[in-house]
Amino acid sequence: MEVKDNTKKQPRETRLIEALITFAVLIGVMAVGIIHYHVDPHIPMFIGVIIAALMALYIGYDWNTIEKSMMDGIFRALQAIIILAIIGILVGTWIVTGVVPTMIYYGLQILSPSIFLLAALIICSITSIATGTSWGTMGTMGLALMGIALGLGIPAPVAAGAIISGAYFGDKMSPLSDTTNLAPAMAGTDVFTHIKFMMLPTMITYAICMAFFTFLGFKYASSGEAADTSAIQVMSDGLSGSFNINPLLLLPPIIVIVAVACKIPAIPGIVLGILSAAVLGPIFQGSESNLGAMLNAGMSGYESTTGVEAIDNLLTNGGLMNMMFSISLTILAMMFGGIMETTKQLEVIVSQFLKLVKTPRGLVTLTELTCVASNTTMPEQYISIVVPGRMYAKTYKEMGLHPKTLSNALEGSGTVTSALIPWNTCGVYILSVLGVTTAQYAPYAIFNYLMPIMVIALSFTGHCLADADGIRLTRSAQAKKKAKMGEA
């Protein structure tokens, strides 16, 4: 008969001050590393893992428990890690087969000087959806559009607001975006469920943006004849000169969208997008998109050599290896989160916040505010999704809410408000590429500051809340659910 060992030391209760010290060190290291030394967040996050582990040892946890907590944290993110890896392959494949260039080319064709601001919003939206990157969009399309705005006599902050709003819309909604995959990974749902639930608040906010920039554009329409659209023409010519542009190449993204609508799981849905592009690529791009080229682009990404700097910067992208930045950060963040959860360092902090929260709508509001605070104190977009995501995941479940409620709240604030903080990496980047300060463009980046407000507002109506079965907490949706249960 096996005798249990009762002599093993049991860890004591975690004190609030101990959990706050762990977070304070993480915030401090992040701030110094990112703001002062301009390093990536990975090693500062790893230092946070070390501090969390040391604090766990001090509290009384043994190393085996700490190590298992890290492994458990990583395990919870494995689906997202797999999806991130496959998306890296998809982006490289879509570029070399001409899918992404085709999407961008047709986006450029809608430019009209009389509706420049609306066109800039839409062009940047299309580009960001096609590439999954707001930074790449602003550094290429955004830069070209800023030059055109100068020729139109449109103030730089106004043009920057339209560009940033469009870039972050695409970054938030594209299944190719790392933040769009990171948010559901932290919450515990899949990327397609996440995107579908985000659709309502995001499209309402985007419609407001379209109306705003259309109205604002009338003010500058009279000077449209003086516009210099040569930069856009150069990009269009560069794309059509390097790729065979054909409407049929829009089929792969359409297939992925249909897969989402048909509730096909994320991984096979994305793979369908890769396979359809692999079939069309050799047909339209010839030997430039043969099997070897697609395998290489899927692994290492595509290297654009059109000779047009803006295009080359945008299309040198994709590949499994290029996605390792996000994958490695996810692994490190989940190691930190795993320790913080198991040792209840997260729990003691969250319990203090939750004393102010009694309802699901209050929880969503708290999540939005926490993401803003994270973007301010740990100035990196990824961290503002990771840390609040792990802080509140358990509480959302305890309140009977579907994980997509949390993932929507994370992206509704964490992704977009990063651009509104001057010392955040996103605010610094925008200043460097567009030449406009945060204070100047913030009043016009309406998508970025309206999005968290919209999520909070719609949580009060139940549209941004979903029960454990995934049904929105609106009266009509719940009534339909009860009717179905009654029929059963």
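The coordinates are above.
Throughout what follows, the structure given in this document is the object of discussion. What you see is a predicted model; the values in this text were computed from it and never measured.

Tallying secondary structure elements over the protein chain gives 24 helices and 0 strands in all. Here the C-alpha atoms of the protein chain give a radius of gyration of 23 Å, agreeing with the 23 Å that 2.2 N^0.38 yields for 488 residues. The C-alpha extent of the protein chain, read off along each of the three principal axes, is 85 × 60 × 50 Å. By the burial criterion, 55% of the 488 residues in the protein chain qualify as buried. A sequence separation of at least 24 residues applies to 78% of the contacts in the protein chain between residues at least 6 apart. When the accessible area of the protein chain is evaluated, it comes to approximately 20300 Å², of which 66% is carbon and sulfur surface. Across the protein chain, the mean location of the 25 positive side-chain charges is 16 Å away from that of the 27 negative side-chain charges.

So, about the nonpolar core. By size, the foremost hydrophobic cluster in this structure holds 146 residues, and its most contacted members are Met45, Phe116, Leu117, Leu145, Ile164, Tyr168 and Leu315. The dominant element in this core, judged by the number of residues it contributes, is helix 4 (residues 78-96), at 11 residues.

Another point: the side chain of Asp171. Along the polypeptide, Asp171 turns up in helix 8 (residues 156-173). Within the structure, Asp171 has its side chain in polar contact with the side chain of Thr179 (distance 3.3 Å). Every residue in contact with Asp171, bar those within four places of it in the chain, is listed here: Ser128, Gly132, Ser134, Ser177, Thr179, Thr180 and Gln381.

Let's shift gears to helix 9 (residues 178-187). Of all 10 residues that make up helix 9, 10 are buried, and the element is covered over most of its length. All of the buried residues in helix 9 are Asp178, Thr179, Thr180, Asn181, Leu182, Ala183, Pro184, Ala185, Met186 and Ala187. Within two residues after helix 9, Gly188 carries a phi angle of roughly 105°, on the positive side.

Scanning the entire structure with this criterion turns up 8 aromatic pairs. Here the aromatic rings of Phe23 and Phe336 are separated by 5.8 Å at their centres, their planes lie at 85°, and the arrangement is edge-to-face. Separated by 313 residues along the polypeptide, Phe23 in helix 1 (residues 16-36) and Phe336 in helix 16 (residues 324-342) bring together distant segments of the chain. Relative to Phe447, the ring of Phe169 has its centre 6.0 Å away and its plane inclined at 85°; by these criteria the two rings are edge-to-face. Linking Phe169 in helix 8 with Phe447 in helix 23 (residues 446-461), this pair joins segments that are 278 residues apart in sequence. Overall, Phe169 belongs to the buried group, its relative accessible area being 6%. The exposure class of Phe447 is buried, given its relative accessible area of 0%. Three or more aromatic residues joined by ring pairs form one cluster here, namely Phe169, Tyr206 and Phe447.

If you trace the backbone, Tyr449 turns up in helix 23. Tyr449 gets classed as partly exposed once you look at its relative accessible area, which sits at 32%. Sequence separation between Tyr449 and Ser413 is 36 residues, and the spatial gap between their C-alpha atoms is 8.3 Å. Among residues more than four places away in sequence, those in contact with Tyr449 are Leu420, Ala442 and Pro443.

Rules used in this analysis
Residues numbered from 1 in each chain as written. Predicted model: local features only at pLDDT ≥ 70, side-chain atom pairs only at ≥ 80, totals over all residues. Heavy atoms only, no water. Helix = DSSP H or I, 4+ residues; strand = E, 2+ residues; numbered from the N terminus. Rg over C-alpha atoms; globule rule 2.2 N^0.38 Å. Buried < 20%, exposed > 50% of the residue type's maximum accessible area, 1.4 Å probe, protein only. Contact = heavy atoms within 4.5 Å. Areas by Shrake-Rupley, 256 points an atom, 1.4 Å probe, with all protein chains shown as cover. Lys, Arg positive; Asp, Glu negative; His and termini not counted. Charge placed at Lys NZ, Arg CZ, Asp CG, Glu CD. Core = buried A, V, L, I, M, F, W, Y, C linked by side-chain atoms within 4.5 Å. Polar contact = N/O pair within 3.5 Å; in protein donor to acceptor, adjacent residues only side chain to side chain. Phe/Tyr/Trp six-rings, centres within 6.5 Å; stacked < 30°, edge-to-face > 60°.

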